[in-house]
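# Close look at the chain arrangement
Now for the letters of each chain:
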Amino acid sequence: MRFNEKELVSLSRQPSEMAAELGMRGPKKGDVVKKRLVKLVVNFLFYFRTDEEEPIGALLLEQCRVEREDSQTFSIAFLDEAERKYLFECDSEEQCGEWVDSIIKASYEFMRKNLIFYRTEIHRLTGKDPLEQYGISDETRFQVSNGLQLMSRDTSSL
């Protein structure tokens, strides 16, 4: 995927959902843990040298798996490159849990699944499609991908 560098830098300066100095190890063999300022902005995880204003990198948090490695460490691996894993070290178990939860909830797919779930619930309770008033109820992105109606108890994949 291509990104405009100026737009990414601009996005990195926006208010973040979370930001902290974390230990970070890149995906290459031989990479060592370095202290980085890590910022979660929308569905991007930006990382900076602690003394610089511009990010040195960004991870688009789509099609990825976030896992706790131990009580204070989590990793991010992308589904198309599972062997490439970014490792993050937190100061506490609580901080690690907050990062993992926030990163999972930052993805477009997570938000889409929630929208579909609540759309179905509202329709079930009121008999009305809440997206109809915006003229977007028939858009493919708001449909359940396999064509089945999402049931109110189907929250396992959210």
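Our structure's up above, just so we're on the same page.
Residues numbered from 1 in each chain as written. Predicted model: local features only at pLDDT ≥ 70, side-chain atom pairs only at ≥ 80, totals over all residues. Heavy atoms only, no water.

## Details of helix α3 (residues 108-126)
Compared with the 27 Å implied by 1.5 Å per residue over 19 residues, the 26 Å span of α3 between its first and last C-alpha is a close match. Along α3, the positions that sit buried rather than exposed are Phe110, Arg112, Asn114, Ile116, Phe117, Arg119, Thr120 and Glu121. Packing partners of the buried residues in α3 comprise α2 (93-106). Directly after α3, the chain includes Gly127, whose backbone phi takes a positive value near 80°. (Helix = DSSP H or I, 4+ residues; strand = E, 2+ residues; numbered from the N terminus. Expected span 1.5 Å × (residues − 1). Buried < 20%, exposed > 50% of the residue type's maximum accessible area, 1.4 Å probe, protein only. Contact = heavy atoms within 4.5 Å.)

## Describing the packing of aromatic side chains
Throughout the structure, instances matching the rule amount to 4 aromatic pairs. With centroids separated by 6.4 Å and ring planes inclined at 90°, the aromatic side chains of Phe78 and Tyr86 adopt a geometry described as edge-to-face. Here Phe78 and Tyr86 have matching classes, each one buried. Relative to Tyr118, the ring of Phe117 has its centre 5.0 Å away and its plane inclined at 75°; by these criteria the two rings are edge-to-face. The class of Phe117 is buried, set by a relative accessible area of 9%. (Phe/Tyr/Trp six-rings, centres within 6.5 Å; stacked < 30°, edge-to-face > 60°.)

## Topic: the pattern of salt bridges
For the structure on display, the rule yields 7 salt bridges. Put simply, Glu52 and Arg49 hold a salt bridge, and the shortest N to O gap is 3.6 Å. Overall, the relative accessible area of 36% leaves Arg49 in the partly exposed class. Salt-bridge contacts for Arg124 lead to Glu121; the nearest nitrogen and oxygen are separated by 3.1 Å. Within this pair, Arg124 and its partner Glu121 are both found in helix α3, separated by 3 residues, close to a single helical turn. Residue classification places Arg124 among the exposed residues on the basis of a relative accessible area of 52%. (Salt bridge = Lys/Arg side-chain N within 4 Å of Asp/Glu carboxyl O.)

## Topic: the sheet that holds strand β2 (residues 34-41)
Spatial strand order, β4-β3-β2-β1-β7-β6-β5: 7 strands in an open sheet with antiparallel pairing. The sheet is open, and its two borders are formed by β4 (57-60) and β5 (64-70), each paired with just one other strand. Going across the sheet, the axis of each strand differs from the next one's by a mean of 35°, ignoring polarity. Pairing between strand β1 (residues 18-25) and β2: 7 bridges, direction antiparallel. Looking at β2, one finds that Met18 is bridged to Leu40. (Pairing = 2+ DSSP bridges. Axes fitted to C-alpha atoms, helices over the stretch in contact; angles between N-to-C directions.)

## Some details on the packing of α2 against α3
Two elements in contact, α2 and α3, have axes separated by 5 Å at closest approach and are oriented at 70°. With respect to α3, the element α2 is oriented roughly perpendicular. Contact with α2, carried on its side by Ile104, Lys105 and Ala106, involves Tyr108, Phe110 and Met111 of α3 and no other residues of that element. (Parallel < 35°, antiparallel > 145°, perpendicular 65-115°, else oblique.)

## Let's talk about the side chain of Ser107
Within the secondary structure, Ser107 sits in the loop between α2 and α3. When sequence neighbours within four positions are dropped, the list of residues in contact with Ser107 reads Asn43, Leu61 and Glu62.

## Quick notes on helix α1 (residues 5-12)
Within α1 the residues assigned to the buried category are Leu8, Val9 and Ser12. For α1, the angular spread of buried residues about the axis comes to 100°, placing them on one side. Opposite the packed face of α1, turned more than 90 degrees from it, sit the exposed residues Lys6 and Glu7. Looking at the buried residues of α1, the elements they touch are β2 and β3 (44-49). Between the side-chain oxygen at the start of α1 and the backbone nitrogen of Lys6 there is a gap of 2.9 Å, and the oxygen is on Asn4. (Arc of directions from axis to C-beta. Polar contact = N/O pair within 3.5 Å; in protein donor to acceptor, adjacent residues only side chain to side chain.)

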